[in-house]
Amino acid sequence: MAIKRGNSMTVGRRNSGGNGSWMIIVVIVLVLFLAPLGYFFGTGMYSSTDENDLSATIGKQDVDWRAKLALQHIRSLFTKKVIDVIKASTDDLGPLSLDSFRKNNLSASWKIIGQENVINNNSIPVEITEGDRKWTSAGTLEKTIDDHSQSVDTPAKLARRQLRDKRRESRAADLVKKDDDVIIKLENAAIQRSKSVDSAFLGKYSIWRKENDNENIDATIRLVRDQMIMARVYMSLATMKNKTQLARELQGQLKESQRALGDATADADLNHSVAEKIKSMGQLLSKAKDQLYDCKLVTGKLRAMLQSADEQVRSLKKQSMFLSQIAAKTIPNGIHCLSMRLTIDYYLLPLEKRVFPKSENLENPDLYHYALFSDNVLAASVVVNSTIKNAKEPEKHVFHLVSDKLNFGAMNMWFLLNPPGKATIHVENVDEFKWLNSSYCPVLRQLESAAMKEYYFKSDHQSTGSSNLKYRNPKYLSMLNHLRFYLPQVYPKLNKILFLDDDIVVQKDLTGLWKVDLNGKVNGAVETCGESFHRFDKYLNFSNPHIARNFDPNACGWAYGMNMFDLDVWKKKDITGIYHKWQNMNEDRVLWKLGTLPPGLMTFYGLTHPLDKSWHVLGLGYNPSVDKKDIEKAAVIHYNGNMKPWLELAMTKYRSYWVKYIKFDHPYIRGCKLGE
């Protein structure tokens, strides 16, 4: 093709003298059309050459000089304006266009200066210059033409594009920042709301525990509930925008979904028609979205619904706390029936049949003595039965029971009818302890005061929280609860005694506790403190100087329920006197609230020997997460908390450890329907 063009030019020169001026026109035309064609062809050949053949391509200068010659002719014949027009229309020239070659025929490792599709190439740095073409080390083909040539993307276009990109990025950043600010505000608000909730509502005595959590994982039920939420949102928006017909449709479909859902908690419980309800609701929600959707309004409505739901949850938790405290104070009908029947039958017995055998063992210091203070016949029977059944030498065990005058007859009658095997048992009435009076006992004097009566019995008393409700429990009015501070006075001839609460179950022989060296301490107990809970600052008011001056707020707490007391050391240390001192200082309840654990922590401060935790495992009355292995290997398990095993509040997973020591075939148990 190049040879043919060369021959034509030679003929043109040979005949130029005879044909006149028309031959000049022919030459110009040929140059205008054939020379660019050759140039474009040469450029394409060069562009398609592989990188490995680059050195051979550079040597082909017979093609490039023709391209230069053609460009010189074109510049001499046309003005800059004409060249710009030709350059602007090169995209219409088809596959032989220079821009077409640049865009379509270059290797993937090449990039065009000024174009946006930049491709990185990790090839070895090379730079080759030939004429007006330059290939740099980055794999860039740079076409350097004189000042007359222009790029398709002018600097003005590039500037505008960059400006648009910057504006887009700025808007996106603003939106993201706004979303982040909103999320942070919501999180901070949630944190503040959580702090304002009384911790006691969510604490260990709350019935909002895992056992009662019904976390549904069924997809269909979740879908129906999500649809109902969005239906309420759009129904509110429809009412706001006066679209009454759509609001009525949403309300009707919402009722249908509610009926279809019913009380189902799993997909298997759903009616077969629920699929149609889901489809109908989906179509209606799609229609509502087309007519009503506004991101700001929908978001605001969902936030309002969330806030309302949060307030409802808080209110329900307060209510549940209140109801659980009331339930914890009540006595089940079956236990009340049992106590009444036993009391009646006891007082029908002749006096000579009301006496327990083996009374000589009651003051024998060589035997294993237990102190149990209770007004619950069934609970006391479980403690005694479980202890005897797990004892290696039951004949050496002596139980000292103390009850109040209302349950004294029932307690006596039960153990007269059901003696604890070879063990010794004795029941006393706390109201017959004449030495225990208000002149000697500060807590009795305080319980008889007008301020205490107002606190407990005034109907319009303003409670400042669930903790006040908790401590307004009738058990704190009973001297049975405070009798533990008078053990040497009740049992003056004993040197050691194991104190047991009536909400425990014994699972192993306990005689090993009498062999534990208390190292001169008075109280042997299992400590209950962890990382940051059950320490002294949880129970005592350290803003009071008397408390702050005498106790360490980080001192570890311990538990009542199973305590080994050395009564000889008790008398030497005058533990009862220490108790009286602190009780007198707390007449207006500024040191601690009501209860026996806070004064116990203060009275036995520095005088408590920690026992191995396997002796006493706590939490079965409030904690659903007690490790089963710990329960199985524990000597004593304790249902401390509101969910006592004899109440309907009890956690069923722990109740079996307690009920297996009840004689459900007993006539009194059957008669009071305690087995149902």
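Residues numbered from 1 in each chain as written. Predicted model: local features only at pLDDT ≥ 70, side-chain atom pairs only at ≥ 80, totals over all residues. Heavy atoms only, no water.

The name recorded for the chain in an unreviewed UniProt entry is Hexosyltransferase, from Ambrosia artemisiifolia. Annotation of the chain in UniProt includes, under Sequence similarities (unreviewed entry), the sentence "Belongs to the glycosyltransferase 8 family." The UniProt entry for the chain carries the following comment under Subcellular location (unreviewed entry): "Golgi apparatus membrane". (UniProt positions renumbered as here; feature names shortened; annotations may be inferred.)

A. View of the overall build of the chain. A count of helices and strands for the chain gives 28 helices and 14 strands. Taken across its 676 residues, the chain has 41% of its residues classed as buried. A sequence separation of at least 24 residues applies to 75% of the contacts in the chain between residues at least 6 apart. (Helix = DSSP H or I, 4+ residues; strand = E, 2+ residues; numbered from the N terminus. Buried < 20%, exposed > 50% of the residue type's maximum accessible area, 1.4 Å probe, protein only. Contact = heavy atoms within 4.5 Å.)

B. Focus on the state of the cysteines. Under the definition given, this model contains 2 disulfides. A disulfide bridge connects Cys-337 with Cys-672, and the sulfur atoms are separated by 2.1 Å. Across the disulfide from Cys-337 to Cys-672, rotation about the S-S bond amounts to roughly -75 degrees, and the bridge is consequently left-handed. A residue pair is termed long-range when its members are at least 10 positions apart, and Cys-337 in helix α14 (residues 333–347) and Cys-672 in the segment after α28 (667–671) qualify at 335 residues. Under the relative-accessibility criterion, Cys-672 is labelled buried at 7%. The disulfide partner of Cys-529 is Cys-556, and the S-S distance across this bridge is 1.8 Å. Its S-S torsion of about -100 degrees marks the bond between Cys-529 and Cys-556 as left-handed, since a negative value means left-handed. With a gap of 27 residues between them, Cys-529 in the loop between β10 (523–525) and α21 (536–539) and Cys-556 in the loop between α22 (545–550) and β11 (562–566) connect regions that are remote in the sequence. Residue classification places Cys-529 among the partly exposed positions, given a relative accessible area of 21%. (Disulfide = S-S within 2.5 Å.)

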